[in-house]
Amino acid sequence: MENISTTRGLSEKEALEKLKKYGLNELTKKSKKGPIAIFVEQFKNLMTLVLIGAALISWFFGEKADSITILAIIVLNSFLGFIQEFKAERSIEALMELSAPGAKVIREGRISYINAKYLVPGDVLLIEAGDRIPTDGLVLESTGLMVDESLLTGESVPVEKTPKGSNKVFMGTMAASGKSKVVTYSTGMNTEMGKIASMLQDIPDEYTPLQKKLAQLGKYIVVICLAICAVVSLTGIMRGEDPYNMLLTGISLAVAAIPEGLPAIVTVSLAIGVQRMYKRNALVRKLPAVETLGGTTIICSDKTGTLTQNKMTVKKIYIDDRFIEPQKDKFPSTDSLKLFFTASAACSDAYYEEKLISDPETSGNPTELAILKAAWGAGIKKSNLDKEYKRIYEIPFDSDRKRMAVAVRRKNGESYVFVKGAVDVILDLCTKYHGVHGEQAMTPLDKKTILGANEKMAASALRVLGTAYKKINGAMDKSKVENNLVFLGMAGMIDPPRPEAAKAVETCIISGIRPIMITGDHKMTAAAIAKELGIMTSKSQIITGNELDNLNDKQLEKASAKTTVYARVSPKHKLRIVKALKSLGHIVAMTGDGVNDAPAIKEADIGIAMGITGTDVTKEASSMVLMDDNFSTIVAAVEEGRIIYDNIRKFIRYLLSCNIGEVLIMFLASLLYMPVPLIPIQILWVNLVTDGLPAMALGVDPPDKDIMLRKPRGNKEGIFSEGLGFKILMRGVAIGLGTLSVYALMLYLTYNDIQRARTCTFASLVLSQLFFVFECRSEHKSILKINPFTNIWLILAVMCSLELLLMVIYVPFFQPIFDTVPLHGIEWAIVVSMSLVWTILSIFTTKKKRR
C-alpha cells in the first residue's frame, strides 16, 4: 500500500479515483427471481406438460368443456405453487447490513462521518468501542482495542489489536473496547467477509430428497401412463374402433393416470407445516426444507451463540483459599467477595446495569461484562462505583503486559490501585494475599497453591482472571504503581450452554440424529461444553483444525464417522466436514449465526440460521431461520418434518391407489370391448374433488405418538419403502376390479343403459375412495383402532365430497355436464355394498397380521 499520511488521510480527489477503481464498499447481493419467472417455473414439470397436451388435444377435437376443466386445474395448481414460492423468496430480504452504515474517516486532515459504502482502500478510520468495523484494515495506533471476531472465527473472547501484534481488523466485526486508528486495505467483495459471500455463489442449489423423489415419481407415472394410453388406443384402432373415440379414451386414461392434485397437495401440506413451524419460532425460507429436516441424520452446529449463550459468565471464584460457586446465578455478599468485586469492577471500562422490565443495559468486553454481572448479583454496581471511586490514572490492557491497572481516589480521600489480568502475571507483582484471616505475607507455598487452583479452573475450560489491589499511602509514584500488590482472588468464566440445549441434544440422540459441534474455539473449551451437553463422551471424538488439515478427503470421511466435535476450524474446514458427511450418505443440517457458518449452511442439505444474532449473509444462504435462536426449536422442526413426511406417504398411498383403480377401470374395459365406463370430465371431477379434498385432510393428520422415538429414514429410502408400493398396488387393483364389476353388473341389469351404468360406476368409484381414505391414516393399524374424530378435517372433507357427488347426480344443471342420471334405492344398495366390501376385508386382513 502506498504511503498515506495518518493525520491528513486521502484527499477527496484521491478517494473519488479509488472509488471508481475499486467500486462501492458493499457486498454483492444475490439476484432474486421475479414473480413472472417463479410463475412460469410452475409449468415446467413433466406431469403438467402432459396435461397441457391433453387439454390442447381435447380442444382440437371439440371437447372444450373437458379442455377448459383440465386447464383450470393446471392453473389452480400452478397458482398455489407460485404463492408459496413467492412468499418464501420474499420472507427474508438479504439486506447485507453487516456493512456498517457510517464511519469516521480522516480526509484532507478533517474528521468526517460518511456512509461506509463510500470508503476506499487507503482511507484512515477512527474506531471506538461499540463501532462495527466497516472495512478490512491495518491498525496504525491503538489504545486497548479489543475486537469481537466471533462473527468470523467463532471465538467468543475478543482479540487484542495492536500495530506490532495482531494488527488486522475485518469488516463486520465489532470493537468491544478501546480505540484505534486504522488504514483500509480492502473494501466490498475483496474483504474477508466478501470472500465468504462469494463462496456462497460458487455452491450450486441442489434439490432436496423430497423434490428428487417426487420428480422421479412423476416421470414413472407419465411413462407408464403414455405406455398404457398407446396400448389401449392402438389395440382399439387395430380392431376397427373409431380413431377419434380411441383418442378420447387415451386422453381419459391420461387424466386418470396422472395425479393432477399431487403437486398441489404436497405444496399445501408443506405450507401448513411452514405455518405450524412459524408459530414455533422457525421461519422456513424454502418450502421443502420442512420435510428434509425430518430426514436429517446429522446436525452440525456452531458452538458460540447456538449451543451456548454467547455471553461470558462467571462460574467459579477462588478467594479466601477456597472455591465459591454461584447459588441461583448469584454469589454471596461476603466482605471478601465485595472487596474482590469492587476491585475487579472498578478496573473495568465496561458498563452493566439491570432493568426491571427490560434486558440489562450493557457495553464493553464480554469478559468484563461477566465480572460486572456477577458483581451486580453480589450488590456491587458499576454505576455506584464510578461515583464513589474517581479514576486518576490508568494503564490499558495489552497482550504484552497481560493486565490492566487503574488508580482511583475515593470520596473519603483514600486512594487505591486495582489490577486485573493473567493470574501468573498478577502473582509476580504481589507480596501479600487476602486470606481467611485478612492480608498475609505471600510465601512460595501460597503462590504454588494459588497457581494450582488456577490450573484446575483452566483445565475445566474456564478463562481465568486474577485481581489484586493496594492502598496508596502518600503521593503516587506512577513507575511503582503496580508494586507490592495484595492478591485478592480469581474468577473463572465460560460462555455457558443454553439451558434448553442439553435437552434438545438428548432428544436428537434418542431420535437417531447425531449432533456435531463445529467451532473456532479452543479444543479444551469445546470439549468442556460438548461433554456438558452430552455431545461428546470420549476424547477420540474431537478433531482440531490443524489435525483436519493433515487429512485427505478419504481420511476425513473415515474420521467423520465417529467425530462429534471439531475445534479451531475455519469456514473452509466446515465446508469439508459437511461434504465428508454427505459423502457418507447422511442428510446434513447445519446451524449457525456467524458469517463463518454461511458456506457450510449453503452446502448442507438444510441450512438453519439464527434469527436474532444471525447475519444477513447467513440468512440468505439458509433454508430456515430460528426466530428465537433456540437450539430446541430445531427439535420441533425435526418433529414437524417427520409429521409432514408421514402425511405425504399417507396421501400418496391414497392418491396413487385411487389413480391405479381409475386406470384399471379404463384399461380393462377397453381390453374387454366394453363402452368407456367414465368420461374425461367425470375422471377429472374425481381427481379434483374426491381425491383432492380428503388427500389435503390427510396432510394435517395428527402424528403417531412414537414419531420422535424412530430412527431417521435412510437417505436412499424410497418414498414407497416399507411395503407402501405393494399396498398401493393391491388396493388400486381392488378399487379397479370392484368398480368395474359394478359397471358390468349395471350394464347387464339396465340392458346396456350406458348413462345409468356410468353414473353407478362414477358413484361406486367415489364411495370406494372415500371409505379407503380412513384406512390411509395408518400403515400399521386397522381402521377400527383409529379414532376418526382426531382428524375433524378429514370427516368434513368426506362429507363435502359426498354432498358434491349427490349434487352432480341429482341437480339438473350438472347432469348434462357430467352425463349423470338420478339413481334409485336398489342401485345405491349395489353401489354402497360393492364399495364397502374391500374396506371390510382390509379390517380382517389387518387384524390377522396383528396377531
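What counts, and at which threshold
- Position labels on residues start from 1 in each chain and follow its written sequence.
- Thresholds applied to this predicted model are a pLDDT of at least 70 for local features of residues and 80 or more for the giving and counting of side-chain atom pairs; totals over whole chains, interfaces and linings are not thresholded and use all residues.
- As a convention, hydrogens and water are excluded, and side-chain values are obtained from all of the structure's heavy atoms.
- In this description a helix means any DSSP run of H or I spanning at least four residues, a strand means any run of E spanning at least two, and both kinds are numbered starting from the N terminus.
- Each residue gets one of three labels from its accessible area relative to the maximum for its type: buried under 20%, exposed over 50%, partly exposed in between, using a 1.4 Å probe on protein chains only.
- Any pair of residues with heavy atoms lying within 4.5 Å of one another is described as a contacting pair.
- Under the convention used here, a 1.4 Å probe and the Shrake-Rupley method define accessible areas, while residue burial counts only the protein chains that appear.
- In what follows, salt bridge is the name for a side-chain nitrogen of Lys or Arg lying within 4 Å of a carboxyl oxygen of Asp or Glu.
- A strand pair is defined by DSSP finding two or more bridges across the two strands.
- In this analysis an axis means a line fitted to C-alpha atoms, helices contributing only their contacting stretch, and an angle means the value between N-to-C directions, from 0 to 180 degrees.
- Think of a nonpolar core as a cluster: buried Ala, Val, Leu, Ile, Met, Phe, Trp, Tyr and Cys residues, connected wherever their side-chain atoms sit within 4.5 Å.
- Expected helix span is taken as 1.5 Å per residue step, with the number of steps being one fewer than the number of residues.
- Comment on the angle field: the value is read as roughly parallel under 35 degrees, roughly antiparallel over 145, roughly perpendicular from 65 to 115, and oblique elsewhere.
- In this scheme the handedness of a crossing depends on how the near helix is turned from the far one: anticlockwise by less than a right angle means left-handed, clockwise means right-handed.
- Residue polarity is assigned by list, with Asp, Glu, Lys and Arg as charged and Ala, Val, Leu, Ile, Met, Phe, Trp, Tyr, Cys and Pro as nonpolar; anything else, Gly included, falls into the polar class.
- Residues enter patches when their relative accessible area tops 30% and they take part in no salt bridge; the joining distance is 9 Å for like charges and 5 Å for the nonpolar side chains Val, Leu, Ile, Met, Phe, Trp and Tyr.
- Aromatic pairs are defined between Phe, Tyr and Trp rings, using the six-membered ring for Trp, whenever the two ring centres lie within 6.5 Å; interplanar angles under 30 degrees are classed as stacked, those over 60 as edge-to-face, and all others as tilted.
- By definition here, charges over rings are those cases where NZ of Lys or CZ of Arg is within 6 Å of the ring centre and within 35 degrees of the ring normal.
- Whenever two N or O atoms come within 3.5 Å, that pair is a polar contact, provided that in protein one can donate a hydrogen and the other can accept it, and provided that, for residues adjacent in sequence, both atoms are side-chain atoms.

(A) Local environment of the overall build of the chain. Looking only at helices and strands, the chain has 30 helices and 26 strands in total. Of all 851 residues assigned to the chain, the portion counted as buried reaches 55%. Residue pairs at least 24 apart in sequence account for 72% of intrachain contacts in the chain once pairs closer than 6 positions are excluded. Surface accessibility of the chain: about 37300 Å² in total, with carbon and sulfur atoms responsible for 59%.

(B) Spotlight on the pattern of salt bridges. Taken as a whole and judged by the stated rule, the model has 32 salt bridges. With its nearest N and O atoms 2.7 Å apart, the salt bridge here joins D428 to K447. Taken together, the residues D428 in helix α15 (residues 423–428) and K447 in helix α16 (residues 444–459) connect sequence positions 19 residues apart. Judged by its relative accessible area of 27%, K447 falls in the partly exposed class. Between R576 and D553 there is a salt bridge, with its nearest N and O atoms 3.1 Å apart. Residue R576 is found in helix α21 (residues 571–583), and its partner D553 is found in helix α20 (residues 553–560); the two are separated by 23 residues along the sequence. Taking the relative accessible area as the measure of exposure, R576 reaches 23% and is therefore partly exposed.

(C) Representation of the sheet that holds strand β9 (residues 298–302) within the structure. Spatial strand order, β8-β26-β25-β24-β9-β21-β23-β22: 8 strands in an open sheet with mixed pairing. Edge strands, defined here as strands with exactly one partner in the open sheet, are β8 (282–284) and β22 (542–544). Neighbour to neighbour, the strand axes of the sheet diverge by 20° on average, direction disregarded. Note: β9 against strand β21 (residues 514–518), 5 bridges, orientation parallel. Bridge pairing in β21 links C300 to I516.

(D) Structural context of the pairing of strand β16 (residues 415–421). Across the 7 residues that make up β16, a large majority, 7, are buried. Along β16, one buried face is formed by S415, V417, V419 and G421 and the opposite face, lined by Y416, F418 and K420, is buried too. Note that strand β15 (residues 403–410) and β16 share 7 bridges and pair antiparallel. Of the residues in β16, the one forming a bridge with A407 is V417. In this structure, the hairpin formed by β15 and β16 is closed by a connection of 4 residues, where G413 is found at a positive phi of approximately 100°. In this sheet, strand β19 (residues 463–472) lies alongside β16 in antiparallel orientation, the contact comprising 7 bridges. Considered in β19, the bridge of V419 is made with A468.

(E) Geometry of the nonpolar core. Within the largest apolar cluster, 124 residues are counted, with the highest numbers of intra-cluster contacts made by F487, M490, M624, Y654 and W685. When residues in this core are grouped by element, the largest group, 17 residues, is from helix α24 (residues 632–671). Discounting chain neighbours no more than four positions away, the residues touching W685 are T690, F762, V766, S801, L804, L805, V808 and F818. Listed in part, the 37 residues of the second largest apolar core include I319, F341, I371 and A375.

(F) Region of interest: helix α27 (residues 754–775). With 22 residues, α27 extends 32 Å from end C-alpha to end C-alpha; this agrees with the ideal 32 Å at 1.5 Å per step. For α27, the tally of buried residues reaches 19 of 22 residues, placing the bulk of the element in the interior.

(G) Spotlight on the packing of α24 against helix α26 (residues 724–749). Look at α24 against α26: their axes get within 7 Å of each other, and the N-to-C directions meet at 40°. The orientation of α24 with respect to α26, classified from their angle, is oblique. Remark: the crossing between α24 and α26 carries right-handed chirality. Two secondary-structure elements touch here, α24 through R649, I652, R653, L656, S657, C658, I660, G661, L664, I665, L668 and A669 and α26 through L724, K727, I728, L729, R731, G732, V733, I735, G736, L737, T739 and L740. Among the residues forming the contact of α24 with α26, the class breakdown is 15 nonpolar, 5 polar and 4 charged.

(H) Just a nonpolar patch on the surface, in detail. On the surface, a nonpolar cluster with roughly 580 Å² of combined accessible area is contributed by F789, I792, W793, L796 and M799. Checked against the element boundaries, F789 lands in the loop between α27 and α28 (792–810). Residue F789 is classed as exposed on the basis of its relative accessible area, which comes to 62%.

(I) Main features of the packing of aromatic side chains. Inspection of every chain in the model, using the stated rule, returns 13 aromatic pairs. Cluster of aromatic residues (ring-pair linked, three or more members): W685, F762, F813, F814 and F818. For K316, the ring lying beneath its charged end belongs to F323, and the centroid distance is 5.2 Å. Positioned above the aromatic ring of Y645, the side-chain terminus of R713 is 3.5 Å from the ring centre.

(J) Main features of the side chain of R756. In this fold, R756 is placed in helix α27. You can call R756 buried: its relative accessible area is 16%. A distance of 2.9 Å separates a polar atom in the side chain of R756 from the backbone oxygen of P822. Not counting chain neighbours up to four residues away, the residues in contact with R756 comprise T750, V821, P822, L823, H824 and E827.

(K) View of α24. Here α24 spans 58 Å end to end across 40 residues, near enough to the 58 Å set by a 1.5 Å rise per residue. The buried fraction of α24 amounts to 34 of the 40 residues, a majority that puts the element mostly inside the structure.

(L) Molecular detail of the packing of helix α25 (residues 680–698) against α27. At a closest axis distance of 11 Å, the pairing of α25 and α27 adopts a crossing angle of 10°. As far as their axial angle goes, α27 and α25 are roughly parallel. Handedness of the α25/α27 crossing: right-handed. Contacts between α25 and α27 involve Q682, W685, V686, T690, D691, P694 and L698 on the former and, on the latter, F762, L765, V766, Q769, L770 and V773.

(M) Fine view of the pairing of β15. Extensive coverage of β15 is indicated by the burial of 6 of its 8 residues. Two strands pair when backbone bridges link them, and strand β14 (residues 389–398) and β15 are joined in this way by 7 bridges, in the antiparallel orientation. Among the inter-strand pairings, D398 is bridged to a residue of β15, identified as R403. Here β14 hands over to β15 after 4 residues, with K402 in that stretch at a positive phi of 60°.

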